[in-house]
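An overview of the molecular structure
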There are 2 protein chains.
Amino acid sequence: MGRPLKVAAAQVGAVHRTTSRAEVLDRLVKLLEDASTHDVKLVVFPETTFTTFFPRYYITDDEELASYYEYETAETGPVTQTKNVKAFFHRAKELGIDVQIGYGEDTGNGRYNTAVYVSGKTGDVLNKYRKVHLPGSTEPFDLDPNTTNQLEKRYFLPGNYGFQAFRASSLKETCGGSSPIVGQLICNDRRWAEGWRCYGLQGVEILCCGYNTTAYAPQLWGGDQNISTEKAYEEAMFHHKLVVQAHAYTNSMFCITSARAGNDDDRHPLIPGSMIVDPEGHIVAESKTREDELVIATIDLDDCKQGKERTFNLGKHRRPEMYGRLVEEGGVKPPPEV
Amino acid sequence: MGRPLKVAAAQVGAVHRTTSRAEVLDRLVKLLEDASTHDVKLVVFPETTFTTFFPRYYITDDEELASYYEYETAETGPVTQTKNVKAFFHRAKELGIDVQIGYGEDTGNGRYNTAVYVSGKTGDVLNKYRKVHLPGSTEPFDLDPNTTNQLEKRYFLPGNYGFQAFRASSLKETCGGSSPIVGQLICNDRRWAEGWRCYGLQGVEILCCGYNTTAYAPQLWGGDQNISTEKAYEEAMFHHKLVVQAHAYTNSMFCITSARAGNDDDRHPLIPGSMIVDPEGHIVAESKTREDELVIATIDLDDCKQGKERTFNLGKHRRPEMYGRLVEEGGVKPPPEV
């Protein structure tokens, strides 16, 4: 192995609306400590990891809604440091583990669905990403409190940082003296080729992506509203794996995906499917449960070379002058009926 | 079914360097006639269908090279009409079948890897597409005449028509009074998200794609040069299906893929994998042989709606202002080492 790296997806099982941050953080620290015993150098945690996935609820109480975000101030610095979250980052640094973790971010000027990548060496935030592709709608599909809604467009602004790759300098020595090039996505972003390609065009070798993906919500998906829970679960897992494997392959990068899984509030099932996927699109390791679980693999970043130099040599084979439509505003423009 | 359409992929088995156009055309007409007995309305044929896949050879004899193209002149009109090809289009019109078919095109000013879509009603060319993503290199990897090369960049110019969707007016009545929106890709294009998305942004419902994909050429792919033929075949099929299923799903369109399959010259194996894939990314029908074979399915274009209106509502969820990198020239730009 030329540039070996031991990585993990830290899948997190059910987190209910009533689950406290303190309880979640205990579980996250336990996953970190498990990772440490396996000598893992990078752990990817899910989206909105410190709380339940609150965009599923139509929340009319502003105080409750506010409780799901982390707050960044001049005093606390760039990482979310409130509400007992400090201890988690402190432990990661003690153990020397790089971490990507997602949370609802309130900047005072706007709320975002955010993930930070924090160095296990210095505790510094090496990169912050804000989810670009917010799914769902601003208004609820259904006012029934038992129904799964998808209100990310209501509770978050679309990410305004773009897709900025960075070097994980913390992993430079481990990876043969060359810092891995890392990109970050969150949940629904993984279904959109645009973000992946923006990272591919920066030579990204490891894509980190946490997610909350509902295992049953035909009211959101459209199509067969009487689909069985088993069939819906299979379909959600199929689509999740399909997009991650295809985009990892066509951009010649590893991808670590980490699920918030389990059955939140005993009525909102989420898919697992935490995986490590290689640059040829193959699943190297994947979760076996719907609970808290560490999915570990040793990868070799040199394996990105084959694709990047041959089939998916982006500089050699792409034709940007033909792609103008990709950056046009105005949505879908069908040819006129004839 | 709201907008039903019976379609087929016409897979074509081995075509050797020595196989005559006349022999190939007989086989193509037979496939057309089979399609007609099944009441198929649209048949997608492979890439460079009238000859063997000549870009695999390092051809130094200009006369031989010239023999692989079709010639378009003021007299013959916009479709390739030379070298006995006329009879094929004539038969398609007699049978009332829409056809997409690929061929090497020589315009007098340049050579392209081209596919036309021809109306079964009028015989008119409804659209012409020229392959944008030419794989391989201008110089041969290997001068050994038995080795598979990949010289498309030597023998073709990159397509200059972009990704222009069109309405198949010929199928308007069949499809409930609304003409299908069709897009065309050729072979390697199917691995590149950009073309698919350009079509998605035009509301394409049926993507037609013919291909020649080598089942064994590690010298072209890089990686393990001692890979077994079985493993290489599996890998090529895996990648082919992965990209088609993922891009069909993420753009909410049907895709008809048609292979030149079989073992050309008894030493250049090509994968089969002719398929009809639905807008949820599922394979509806696929080829069972490596020979001439018709793969038929009745699809309902209304099935595109679920994805186009919800998860992959491109107008609602995309953020073009974040995609600037996609149209920049200059290839891959990694962040500096730190």
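Residues numbered from 1 in each chain as written. Chains lettered and ligands numbered in written order. Predicted model: local features only at pLDDT ≥ 70, side-chain atom pairs only at ≥ 80, totals over all residues. Heavy atoms only, no water.

Each partner contributes residues to the interface: chain A has 80 residues there, and chain B has 80 residues. The largest contributions to the chain A side of the interface with chain B come from A:Trp192, A:Arg325 and A:Leu326, which together make up 11% of the buried area. Where chain A meets chain B, there are six salt bridges. For A:Glu194, the salt bridge is made with B:Arg197, and the minimal N-O distance between the two is 2.6 Å. The interface formed by chain A and chain B holds 41 residue pairs in polar contact (both at pLDDT 80 or more) in total. (Contact = heavy atoms within 4.5 Å. Buried area = accessible area lost by both parts, 1.4 Å probe. Salt bridge = Lys/Arg side-chain N within 4 Å of Asp/Glu carboxyl O. Polar contact = N/O pair within 3.5 Å; in protein donor to acceptor, adjacent residues only side chain to side chain.)

Now for the packing of helix α5 (residues 193-200) of chain A against helix α5 (residues 193-200) of chain B. Relative orientation of the contacting elements α5(A) and α5(B) amounts to 145°, with a least axis distance of 11 Å. Considering the relative orientation of α5(A) and α5(B), their crossing is left-handed. Contacts between α5(A) and α5(B) pair A:Ala193, A:Glu194 and A:Arg197 from the former with B:Ala193, B:Glu194 and B:Arg197 from the latter. Considered class by class, the residues forming the contact of α5(A) with α5(B) number two nonpolar, no polar and four charged. (Axes fitted to C-alpha atoms, helices over the stretch in contact; angles between N-to-C directions. Helix = DSSP H or I, 4+ residues; strand = E, 2+ residues; numbered from the N terminus. Left-handed = near helix turned anticlockwise from the far one by under 90°. Nonpolar A, V, L, I, M, F, W, Y, C, P; charged D, E, K, R; others polar.)

Attention now moves to the sheet that holds strand β10 (residues 254-260) of chain B. Residues and elements named next belong to chain B. Spatially, six strands are ordered β7-β8-β9-β10-β13-β14 in an open sheet, and the strand pairing comes out mixed. Each having just a single partner strand, β7 (166-167) and β14 (283-286) make up the two edges of the open sheet. Pairing of strand β8 (residues 181-186) with strand β9 (residues 206-212), which is carried by five bridges, proceeds in the parallel orientation. In the sheet register, Ile186 faces β9, and the bridge partner there is Gly210. Lying over the sheet, α5 contacts β8, β9 and β10, oriented at roughly 170° with respect to β8. Relative to strand β13 (residues 275-277), helix α7 (residues 229-250) is tilted by about 30°, and along the sheet it contacts β9, β10, β13 and β14. (Pairing = 2+ DSSP bridges.)

Residue and element names in this part refer to chain A. In space, the six strands of this open sheet follow the order β7-β8-β9-β10-β13-β14, with mixed pairing throughout. Strands with a single pairing partner mark the edges of an open sheet, and in this sheet they are β7 (166-167) and β14 (283-286). Judged from the three bridges that link them, strand β13 (residues 275-277) and β14 form a sheet pairing that is antiparallel. In the sheet register, Val277 faces β14, and the bridge partner there is Ile283. Sheet strands in contact with α5 are β8 (181-186), β9 (206-212) and β10 (254-260), and its direction is about 170° off that of β8. Packed on one face of the sheet, helix α7 (residues 229-250) meets β9, β10, β13 and β14 and runs near 30° to β13.

Let us now look at α7(B). Residue and element names in this part refer to chain B. An ideal rise of 1.5 Å per residue puts 32 Å on 22 residues; α7 measures up with 32 Å between its terminal C-alpha atoms. Where burial is concerned, most of α7 is hidden: 16 out of the 22 residues are buried. Taken from the residues just after α7, Ser252 is the one with a positive phi, measuring 50°. (Expected span 1.5 Å × (residues − 1). Buried < 20%, exposed > 50% of the residue type's maximum accessible area, 1.4 Å probe, protein only.)

This paragraph deals with the pattern of salt bridges. Under the definition given, this model contains 48 salt bridges over all chains. One salt bridge connects B:Asp264 with B:Arg260, and the closest N-O pair in it is separated by 2.5 Å. As far as burial versus exposure is concerned, B:Asp264 and B:Arg260 are alike and both buried. What emerges from the salt-bridge pattern is a single network uniting A:Glu33, A:Arg91 and A:Glu94.

All names here are of chain A. Compared with the 24 Å implied by 1.5 Å per residue over 17 residues, the 24 Å span of helix α1 (residues 21-37) between its first and last C-alpha is a close match. Within α1, the full set of buried residues consists of Arg21, Val24, Leu25, Arg27, Leu28, Val29, Leu31, Leu32 and Ala35. Buried-residue contacts for α1 involve β1 (4-11), β2 (42-44), β3 (69-71), α3 (86-95), β4 (98-106) and β15 (293-300).

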